[in-house]
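Listed below are the residues making up each chain.
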Amino acid sequence: MSDPSTHERAGVHTRTHAHERTRRGAGQPPAFPFDERDLDRFRELQQLAYRCAERTAAWLEPGVTEREAARRLRRELVAEGVQDFFHVPFAWFGDRTAFRHFRTPLQFFATGRRLTEGMSYVLDCAPVVDGYTADIGYAGKVGDNPIWDRIAEDLLEYRELIVRLVRERRTLNEVYAAVDAKIAEHGYDNRHQVYPGRVIGHQVTRMHAPRLPAGVNLFGFGVRTLQTLGRELVSERLHGRSPLWADGRASRHAPTPGLWAVEPHVGFRDVGLKFEELLVVTEDDAYWLDDDLPHVHRGRALAAAR
């Protein structure tokens, strides 16, 4: 079950912010843009995405290729009613989970790499339903891998660190630097810096009445996504903000109220792990949209066992 306090907090904030939206003036930070029903829809879609990733993970076995895994994940999502994607499903196996030797964006697409015993894997998908978007990352392994176990436990520290610093209204690039410092403290290396733009996260908005068709992709991203993202980039830059969370000058601002898909990705040698989930940011608080997620349960179980 989800943490009841999360849902209670969501209810208080969405009622408050819905009332305050009309009182906002020019030059002030934007009001929190979602109501309680919106948050429920985002939460339901995030749970759907993780269910599909878990079913795909249960199907994996030695010999399966990344392409086969990505296709299977897409079929699971479509069977649940998904017709559009923020980006196409990805699958990475072995050292590709740590983005070793990645030089171009094309290397993020699934390949013929085959899963073997003891190998780590990452599944990543971003379904869109009725304009609502979820963007999730699911890490797993086949057989025993002690390095994987250790990183999976440590991932919860990044999760707790991120939400605490965002609540303190630290700038996005400061939070990024703090995560970097924690990664170095653990003896790992930052792998989200390999993503285009070095991003650790990005804003998620609801796509309203798009003019472009659903299900059409360009460079791995849905055309509706590109349309919305382009509009958000222009709008946010005009206000000195960015919808992309990285470590550069564009992220030297407090977290913008809304939803953020956050994905700390760490690696050690040929093993890479990540989680990706939605973070709720209001004008005066921050919390993870849902605590009933596989990596949360898994990390707690590993810590308890140790």
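The structure under discussion appears in the preceding block.
Residues numbered from 1 in each chain as written. Predicted model: local features only at pLDDT ≥ 70, side-chain atom pairs only at ≥ 80, totals over all residues. Heavy atoms only, no water.

Attention shifts here to the packing of helix α2 (residues 36–59) against helix α3 (residues 66–79). Close contact between α2 and α3 brings their axes to 9 Å; oriented N to C, the two are set at 135 degrees. In terms of their interaxial angle, α2 and α3 are classed as oblique. Between α2 and α3 lies a crossing whose hand is right-handed. Along its contact with α2, which presents Leu48, Ala49, Cys52, Ala53, Arg55, Thr56 and Trp59, the element α3 presents Glu68, Ala69, Arg72, Leu73, Glu76 and Leu77. (Axes fitted to C-alpha atoms, helices over the stretch in contact; angles between N-to-C directions. Helix = DSSP H or I, 4+ residues; strand = E, 2+ residues; numbered from the N terminus. Parallel < 35°, antiparallel > 145°, perpendicular 65-115°, else oblique. Left-handed = near helix turned anticlockwise from the far one by under 90°. Contact = heavy atoms within 4.5 Å.)

Within the secondary structure, Thr65 is located in the loop between α2 and α3. Excluding residues that lie within four positions of it along the chain, Thr65 makes contacts with Phe93, Thr111, Gly112, Arg113 and Arg114.

On to the environment of Arg169. Relative to the elements of secondary structure, Arg169 occurs in the loop between α4 (146–167) and α5 (172–186). Discounting residues that sit within four places of it in the chain, Arg169 has contacts with Ala254, Pro255, Val281, Thr282 and Glu283.

Turning to the pattern of salt bridges, a few remarks are in order. This structure, assessed with the given rule, holds 24 salt bridges. Salt-bridge contacts for Arg55 lead to Glu80; the nearest nitrogen and oxygen are separated by 3.0 Å. Note that Arg55 is positioned in helix α2 and Glu80 in the loop between α3 and β1 (84–93), a separation of 25 residues in sequence. A residue is classified by how much of its surface remains accessible, and Arg55, at 33% relative accessible area, is partly exposed. Residue classification places Glu80 among the partly exposed residues on the basis of a relative accessible area of 28%. One salt bridge in this structure joins Glu157 and Lys182, with 3.5 Å as the shortest N-O distance. Within this pair, whereas Glu157 is found in helix α4, its partner Lys182 is found in helix α5, the two being separated by 25 residues in sequence. Judged by relative accessible area, Glu157 falls into the partly exposed class, the value being 32%. Residue classification places Lys182 among the buried residues on the basis of a relative accessible area of 18%. Each of Arg51, Arg55, Arg72, Glu76 and Glu80 takes part in a single network of salt bridges with overlapping partners. (Salt bridge = Lys/Arg side-chain N within 4 Å of Asp/Glu carboxyl O. Buried < 20%, exposed > 50% of the residue type's maximum accessible area, 1.4 Å probe, protein only.)

A word on unusual backbone geometry. Backbone geometry at Arg169 places phi at a positive 65 degrees, although glycine is not the residue there. Taking relative accessible area as the criterion, Arg169 reaches 29% and is therefore assigned partly exposed. Here the phi dihedral of Arg269 falls at roughly 55 degrees; this positive angle occurs in a residue that is not glycine. With a relative accessible area of 60%, Arg269 lands in the exposed category.

Looking now at the side chain of Glu263. Summarising the element assignment, Glu263 is placed in the loop between β10 (258–262) and β11 (265–268). Side chain to side chain, Glu263 and Lys274 meet in a polar contact 2.6 Å long. Setting aside its immediate chain neighbours within four residues, Glu263 contacts Asp124, His192, Tyr195, Ile200, His202, Lys274, Phe275 and Glu276. (Polar contact = N/O pair within 3.5 Å; in protein donor to acceptor, adjacent residues only side chain to side chain.)

On to α5. If you check α5, its first and last C-alpha atoms are 21 Å apart, about what 15 residues at 1.5 Å a residue would give, namely 21 Å. Residue Gly187 follows α5 closely and has a positive phi angle near 85 degrees. (Expected span 1.5 Å × (residues − 1).)

Moving on, we get to the environment of Arg306. Positionally, Arg306 belongs in the segment after α7 (294–305). With a relative accessible area of 66%, Arg306 lands in the exposed category. Remark: the alpha-carbon pair of Arg306 and Arg150, spanning 156 residues in sequence, is separated by 9.9 Å. In contact with Arg306, other than residues within four places in its own chain, are Arg150 and Glu153.

With that settled, the discussion passes to the sheet that holds β10. Spatial ordering of the open sheet is given by β9-β6-β10-β13-β14, a layout of five strands whose pairing is antiparallel. The open sheet has two edge strands, β9 (244–245) and β14 (286–288), and neither has a second partner. Two strands pair when backbone bridges link them, and β10 and strand β13 (residues 277–281) are joined in this way by five bridges, in the antiparallel orientation. By the bridge assignment, Trp260 is partnered in β13 with Leu279. The strands that α4 touches are β9, β10, β13 and β14; relative to β14, the one it contacts most, it runs at about 155 degrees. (Pairing = 2+ DSSP bridges.)

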